[in-house]
Amino acid sequence: MATYDPFRDLDRLASSLLDTRRGPRRMPMDLYRDGDHYVLTADMPGIDPGSVDIDVDGQLLTIRAERSLSEGEGVKWITREREAASFLRQLNLGQGIDTERISASYGNGVLSVTIPVSEKAKPRKIEVSTDSSTPVIRAHESHESHESIDAA
């Protein structure tokens, strides 16, 4: 259950007013596993989908995007809280990811990236075979305080 925290709102306002950096900004994202793939969703409101660039270099996934604002001629701004910005997010994918089948879509200001788990990394059952020449393990009770196992 969420509670209202006025200090959090004040901190957010102060951060936005005092934030003078002009470099790439981080985009908020969620990452979860759904069966045999991971899903990354990132908030990117106001981003032109044509500006979104996603690439994989080895095990490093990089997402870049640009938000530009129109500067309409003769426009008199009353308030302007949204700003043009570039966004950057990098993730180390680690082992067990099928980097060849990563896919992405963008809709309603949210980027969704599907990251499949490689076949080698998926859980699988190992069949146990038997051979008549393989020793059979038999257990028997001992009259001592511990049990022993003999190989026949």
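This structure is a prediction, so every number in the text was calculated from the model and none was measured. (Residues numbered from 1 in each chain as written. Predicted model: local features only at pLDDT ≥ 70, side-chain atom pairs only at ≥ 80, totals over all residues. Heavy atoms only, no water.)

## Focus on the overall build of the protein
Check the secondary structure of the protein and you find 1 helix and 9 strands. Put simply, of all contacts in the protein between residues at least 6 apart along the chain, 47% involve residues at least 24 apart. (Helix = DSSP H or I, 4+ residues; strand = E, 2+ residues; numbered from the N terminus. Contact = heavy atoms within 4.5 Å.)

## Things to note about the sheet that holds strand E3 (residues 53-57)
Here 3 strands make up an open sheet; going across it, the order is E3-E4-E5 and the pairing antiparallel. A single partner strand is all that each edge strand has here, and the edge strands are E3 and strand E5 (85-92). Looking at each pair of strands side by side, their axes are set apart by 15° on average, direction ignored. Alignment of strand E4 (residues 60-67) against E5, held across 8 bridges, turns out to be antiparallel. By the bridge assignment for E5, Ala65 is matched with Phe87. (Pairing = 2+ DSSP bridges. Axes fitted to C-alpha atoms, helices over the stretch in contact; angles between N-to-C directions.)

## Observations concerning the pattern of salt bridges
Across all of its chains, the model carries 3 salt bridges by this definition. The partner of Asp55 in a salt bridge is Arg64, and the shortest N-O contact between them spans 3.1 Å. Here Asp55 falls in the partly exposed class, since its relative accessible area comes to 27%. In this structure, Asp98 and Arg101 form a salt bridge, with 2.7 Å as the shortest nitrogen-oxygen distance. On the basis of relative accessible area, Arg101 is assigned to the partly exposed category, the value being 48%. Each of Asp53, Asp55 and Arg64 takes part in one network of salt bridges that share partners. (Salt bridge = Lys/Arg side-chain N within 4 Å of Asp/Glu carboxyl O. Buried < 20%, exposed > 50% of the residue type's maximum accessible area, 1.4 Å probe, protein only.)

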